[in-house]
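Given next are the chains, with one letter for each unit.
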Amino acid sequence: MGEVAAIGERLRVAGLALAGVTVHVAEEPEAVRRAWRNLSGDVAFVIVTPAAADALGPTGRESTHPLIAVMPP
């Protein structure tokens, strides 16, 4: 079973750490892309904020591994 990670703005993702999610705070688009590139190979599921999804563009939206889910706005 793989790990779960989250990428996005601190206020939107910080609480997920309480559930064991590896949180990558990324406030700017380049930080989002860097966090995505640096995800561990063990990550199977990534939760991203809407702003992070926009920063990832088609790369994130079309990803099948890791699987990606966008938080509601």
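Preceding this paragraph is the structure being described.
In this report, the structure presented in the accompanying data block is examined. Everything numeric here is computed off the predicted structure, so don't read it as measured data.

Here is what the cut-offs are and how they apply
- Residues numbered from 1 in each chain as written.
- Predicted model: local features only at pLDDT ≥ 70, side-chain atom pairs only at ≥ 80, totals over all residues.
- Heavy atoms only, no water.
- Helix = DSSP H or I, 4+ residues; strand = E, 2+ residues; numbered from the N terminus.
- Contact = heavy atoms within 4.5 Å.
- Pairing = 2+ DSSP bridges.
- Axes fitted to C-alpha atoms, helices over the stretch in contact; angles between N-to-C directions.
- Core = buried A, V, L, I, M, F, W, Y, C linked by side-chain atoms within 4.5 Å.
- Buried < 20%, exposed > 50% of the residue type's maximum accessible area, 1.4 Å probe, protein only.
- Salt bridge = Lys/Arg side-chain N within 4 Å of Asp/Glu carboxyl O.

Here we look at the environment of alanine 44
Structurally, alanine 44 can be placed in strand β3 (residues 43-48). Separated by 43 residues in sequence, alanine 44 and methionine 1 place their C-alpha atoms 7.8 Å apart. When sequence neighbours within four positions are dropped, the list of residues in contact with alanine 44 reads Gly2, Glu3, His65, Pro66 and Leu67.

Focus: the sheet that holds β3
If you walk across this open sheet you meet the four strands as β2-β1-β3-β4, and the pairing is parallel. What marks the edges here is a single partner per strand, and that holds for β2 (22-25) and β4 (67-70). Strand-to-strand twist of the sheet, defined as the mean angle between neighbouring strand axes without regard to direction, takes the value 20°. Note: β3 against β4, four bridges, orientation parallel. Across the sheet, residue valine 46 finds its bridge partner in β4, namely isoleucine 68. Here helix α2 (residues 29-37) sits on the sheet and contacts β1 (3-8), β2, β3 and β4; the angle it forms with β1, its principal contact strand, is near 165°.

Notes on the nonpolar core
Soluble globular proteins tend to bury their nonpolar side chains together. Ile7, Val32, Trp36, Leu39, Val46, Val48 and Leu56 are the most contacted members of the largest nonpolar core, which totals 16 residues. Elements supplying a minimum of two residues to this core: β1, α2, β3 and α3 (50-56). Among the nonpolar cores identified, the runner-up in size contains five residues, and Ala6, Val13, Val21 and Met71 belong to it.

Quick word on the pattern of salt bridges
In total, this model carries two salt bridges according to the counting rule given. Note that glutamate 30 is salt-bridged to arginine 33, the shortest N-O span being 3.5 Å. With a gap of three residues between them, glutamate 30 and arginine 33 both fall in helix α2, about one helical turn apart. Since its relative accessible area comes to 31%, arginine 33 is described here as partly exposed. We note a salt bridge from arginine 37 to glutamate 30, for which the minimum N-O separation is 3.2 Å. On the accessibility criterion, arginine 37 (54% relative accessible area) is exposed. What emerges from the salt-bridge pattern is a single network uniting Glu30, Arg33 and Arg37.

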